[in-house]
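Structural overview
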Amino acid sequence: QVRLVESGGGLVQAGDSLRLSCAGDARTFGVYGVAWFRQVPGKEREFVARMSWVGNTFYADSVKDRFALSRDNAKNTLYLLMNNLKPGDTAVYYCATGRVGSPGRNWTEYDYWGQGTQVTVSS
């Protein structure tokens, strides 16, 4: 069973930065890509970013100039650095993994999900 644990969410002001973490296990980060999605109530889960297992990165157009992925292989952790946050970035952020081909923008392709972490950006 693949287990993912997100952390790092919180309440910030517009223009601030946050770094989210997604901790997994060696199998997850050595074989699968890992993605971040976000969701607000009443809307479908939205693709944010993904890093393939070889390190290729993909971003949603709405975040590509503000968010950045990085990975610590020793800690089996994927990070999402979010800069210049906007109120529209407010959502629950989830990391996900599974046997998904790149770019992996469709949330229905993923088999394993973390519990989510809330990000709230005030104006």
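Everything quoted here is computed from the prediction, not taken from an experiment.

Considerations on the state of the cysteines
Within the structure shown, the criterion is met by one disulfide. Residue pairing for Cys22: its cysteine sulfur links by disulfide to Cys95, the two sulfurs lying 2.2 Å apart. As the torsion about the S-S bond is roughly 75°, the Cys22-Cys95 disulfide counts as right-handed. In this pair, Cys22 is assigned in strand S3 (residues 18-23) and Cys95 in strand S9 (residues 91-98), connecting sequence segments 73 residues apart. For the pair Cys22 and Cys95, one class covers both residues: buried.

Quick notes on the nonpolar core
Within the largest apolar cluster, 33 residues are counted, with the highest numbers of intra-cluster contacts made by Trp36, Leu80, Met82 and Tyr93. Setting aside anything within four residues of it in sequence, one finds Met82 in contact with Asp16, Ser17, Leu18, Leu20, Arg66, Phe67, Tyr93 and Val119.

Brief notes about the packing of aromatic side chains
Evaluated as defined, the whole model comprises five aromatic pairs. Ring centres 5.6 Å apart and planes at 75° place the aromatic pair Phe37 and Phe47 in the edge-to-face group. With Phe37 in strand S4 (residues 33-39) and Phe47 in strand S5 (residues 46-51), this residue pair connects regions lying 10 residues apart in the sequence. Centroid distance Tyr110 to Trp113: 6.1 Å. Interplanar angle 65°. Geometry classified as edge-to-face.

About the criteria used
- Residues numbered from 1 in each chain as written.
- Predicted model: local features only at pLDDT ≥ 70, side-chain atom pairs only at ≥ 80, totals over all residues.
- Heavy atoms only, no water.
- Disulfide = S-S within 2.5 Å.
- Helix = DSSP H or I, 4+ residues; strand = E, 2+ residues; numbered from the N terminus.
- Buried < 20%, exposed > 50% of the residue type's maximum accessible area, 1.4 Å probe, protein only.
- Core = buried A, V, L, I, M, F, W, Y, C linked by side-chain atoms within 4.5 Å.
- Contact = heavy atoms within 4.5 Å.
- Phe/Tyr/Trp six-rings, centres within 6.5 Å; stacked < 30°, edge-to-face > 60°.

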